[in-house]
Structures are given as C-alpha cells and as structure tokens.
Amino acid sequence: MESNQPEQRRATRFAYVCDVECEALGHVSLNRIQNLSATGAWIETSDPPPEGSIVNLSFNVGSVDVRTQATVSRRLLGEGMGVAFQDLLPHYRKAIDILSVDASLEEEHGNQILLQQIMTTQVVTVRMDDEVESVQALFERFHFHHLLVLQEDGTLVGVVSDRDLLKAVSPFISTLGERAEDLRTLKKRVHQIMSRTLITASKDHTVREAAVLMLNSKVSCLPIVRPNQTVEGIVTWKDIMRWLVWQV
C-alpha cells in the first residue's frame with residue numbers, strides 16, 4: 001500500500017540518552033538512541049528485548065520530552081535493536097522532523113566537527129581507593145573541575161567533580177574551628193564520593209551531538225571512551241562553549 005506521508009528525513013548521526021522499559025525485562029540499561037526519525041529509531045543497548053516486544057521509550061528531542069511505545073522490529077545481541085514507533089503523537093513527530101531537517105542541513109554544509117578535534121587527551125585520573133585529600137590536591141594544582149576514576153585495568157568506573165569534593169570535605173578545615181573529625185573527612189576514599197552513573201561519548205561523535213547529550217543528561221563533562229571503556233579524553237561544557245565562540 002502506498003503512503004501519502006512525506007518522506008521522513010533521518011538524523012543519522014544524532015545520539016540521545018533513552019530510557020527503555022520492557023514488560024518482560026524491566027528497565028534496559030546502556031541505551032542510546034540513534035538514526036532517529038518520526039517512524040522509528042535504532043537503540044544501542046547491551047541486552048535488547050526480543051523481536052516483537054513492546055517497549056516504553058522516554059527521551060528528549062530539544063525541549064520536548066518524548067514518551068511513547070514502540071515495537072522491537074530487529075534485534076542484534078550486544079549491539080542494539082531497531083524499533084518502530086506506535087502511533088507517535090503529532091507534536092512528537094513534528095519535533096523529530098524539525099531536528100532531522102536541521103541535521104540534514106548541518107551535513108550538507110559540512111558542519112561535522114568531531115569530538116576528537118576539541119577533546120582534551122591529557123586526562124588526569126585517580127583510583128577508587130585514593131584518598132579525598134589527593135583529589136583536593138589535584139584540583140588545586142590543575143584548576144579543573146572533573147577527575148576520571150579508573151579501575152586497575154584502566155577502565156572507567158566513575159567521575160569526581162569539584163562539587164562532589166565540596167560535599168565530602170568539612171567546611172571547617174583550615175579554619176579556627178577545625179577539629180579532628182573535620183580532618184578525617186580528607187581520608188575518605190574516592191569510591192565513597194564519586195558518581196557511578198556514566199554518560200560517555202566516543203571521539204567520532206560530533207560537537208552538536210555532545211551538546212545535546214550533555215543537556216539531556218544534565219552533566220557538565222563527557223568522558224571520551226573506546227569500546228572497551230578505556231579513556232581517550234574528556235570534553236567539558238567549557239570546551240563546547242569555546243568551540244561555539246570560534247564559530248561566531
């Protein structure tokens with residue numbers, strides 16, 4: 001049967017954090033939605049539900065919070081799944097169409113600056129059992145806002161921000177009111193204060209993709225990782241802003 005619907009333009013390179021829930025499996029982790037169009041999408045996930053499953057999806061397109069159902073139309077274990085949206089609401093469809101057109105225009109104009117061109121490759125890292133005192137010393141020495149936490153094999157397991165440090169350390173240190181229990185807060189371990197929820201990107205994602213991902217995930221940095229979760233670099237919101245300034 002022929003369709004009178006206009007051809008959907010597809011934002012092939014865009015990636016978004018996507019919450020996926022399946023009745024049989026519950027929440028499915030490590031979800032990133034790609035190849036987004038108003039008819040369906042491809043979702044990267046480590047454990048996709050079986051083909052034919054009905055899944056509940058939640059993701060952001062700009063300022064629009066999309067919540068819809070979809071059918072798993074294709075499943076590749078360890079790689080992801082293709083989904084077809086079920087009765088996508090008109091305002092969701094419009095938001096996706098606008099984004100898809102914007103992405104097509106961006107590709108036509110060659111505006112595809114990759115993260116590998118702006119990321120910081122000299123990354124300072126810490127271990128899970130390092131003391132908070134050493135984290136404080138690193139922040140004071142290098143004047144940045146994030147430290148990546150690695151396991152012994154070099155894989156990324158967490159992120160520590162200067163805000164995490166402020167919450168963990170007593171505000172009375174180096175004041176007249178300093179007590180022994182205040183100094184003991186410097187002896188906490190990194191694994192006690194780090195964030196374990198990792199939002200990452202790869203070096204071949206674009207700057208625009210990174211900005212959307214950071215906004216949707218409400219994070220201020222993106223560790224740049226290889227497929228084996230070892231670190232190649234880091235991109236912060238300041239890197240994004242610096243790039244934007246260069247474009248003006």
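So, how was this worked out
Residue numbers here run from 1 along each chain, matching the order of that chain's written sequence. A pLDDT threshold of at least 70 governs which residues receive local features in this predicted model, and a stricter bar of 80 or more applies before side-chain atom pairs are shown or counted, although totals over entire chains, interfaces and linings include all residues. Calculation of side-chain values draws on the structure's entire complement of heavy atoms; hydrogens and water are dropped beforehand. The buried label applies to any residue whose accessible area, calculated with a 1.4 Å probe on protein chains only, is under 20% of its type's maximum; exposed applies above 50%, and partly exposed to all values in between. By the criteria applied, helices consist of DSSP H or I runs no shorter than four residues and strands consist of E runs no shorter than two, each listed in order from the N terminus. Read the arc as the range of directions from the helix axis to the C-beta atoms. Pairs of residues are marked as contacts when any of their non-hydrogen atoms sit within 4.5 Å. Here, any two strands with at least 2 DSSP bridges between them count as paired. To get an axis, fit a line to the C-alpha atoms, keeping to the stretch in contact for a helix; angles then go from 0 to 180 degrees between the N-to-C directions. Salt bridges, as used here, are contacts in which a Lys or Arg side-chain nitrogen is within 4 Å of a carboxyl oxygen on Asp or Glu.

A. Region of interest: helix 2 (residues 132-142). Listed in full, the buried residues belonging to helix 2 are Val132, Val135, Leu138 and Phe139. End-on, the buried residues of helix 2 take up no more than an arc of 115 degrees, which puts them together on one face. Structural note: helix 2 exposes Glu140 and Arg141 on the side pointing more than 90 degrees away from its buried face. Where helix 2 is buried, its residues touch strand 8 (125-127), strand 9 (146-150), strand 10 (156-161), helix 3 (162-168) and helix 5 (190-193). One or two residues past the end of helix 2 sits His143, with phi positive at roughly 60 degrees.

B. A look at the pairing of strand 4 (residues 40-44). Of all 5 residues that make up strand 4, 4 are buried, and the element is covered over most of its length. The loop that links strand 3 (residues 32-34) with its antiparallel partner strand 4 comprises 5 residues; one of these, Asn35, has a positive phi angle of about 50 degrees. Alignment of strand 4 against strand 7 (residues 80-86), held across 4 bridges, turns out to be antiparallel. Following the sheet pairing, Gly40 is matched in strand 7 by Ala84.

C. Broad picture of the sheet that holds strand 10. Ordered in space as 8-9-10, the 3 strands form an open sheet in which the pairing is mixed. The open sheet has two free edges, formed respectively by strand 8 and strand 10, since each of these has just one partner strand. On average, adjacent strands in this sheet sit at an angle of 35 degrees to one another, irrespective of strand direction. As judged from the 3 bridges shared by strand 8 and strand 9, these two strands associate in the parallel manner. Across the sheet, Thr125 pairs through a bridge with Leu148, a residue of strand 9.

D. Seen up close, the pattern of salt bridges. Per the counting criterion, the structure on display carries 5 salt bridges. A salt bridge links Arg226 to Glu232, with the nearest nitrogen and oxygen atoms 3.8 Å apart. Each of Glu131, Glu133 and Lys187 takes part in salt bridges that share partners, so that together they form one network.

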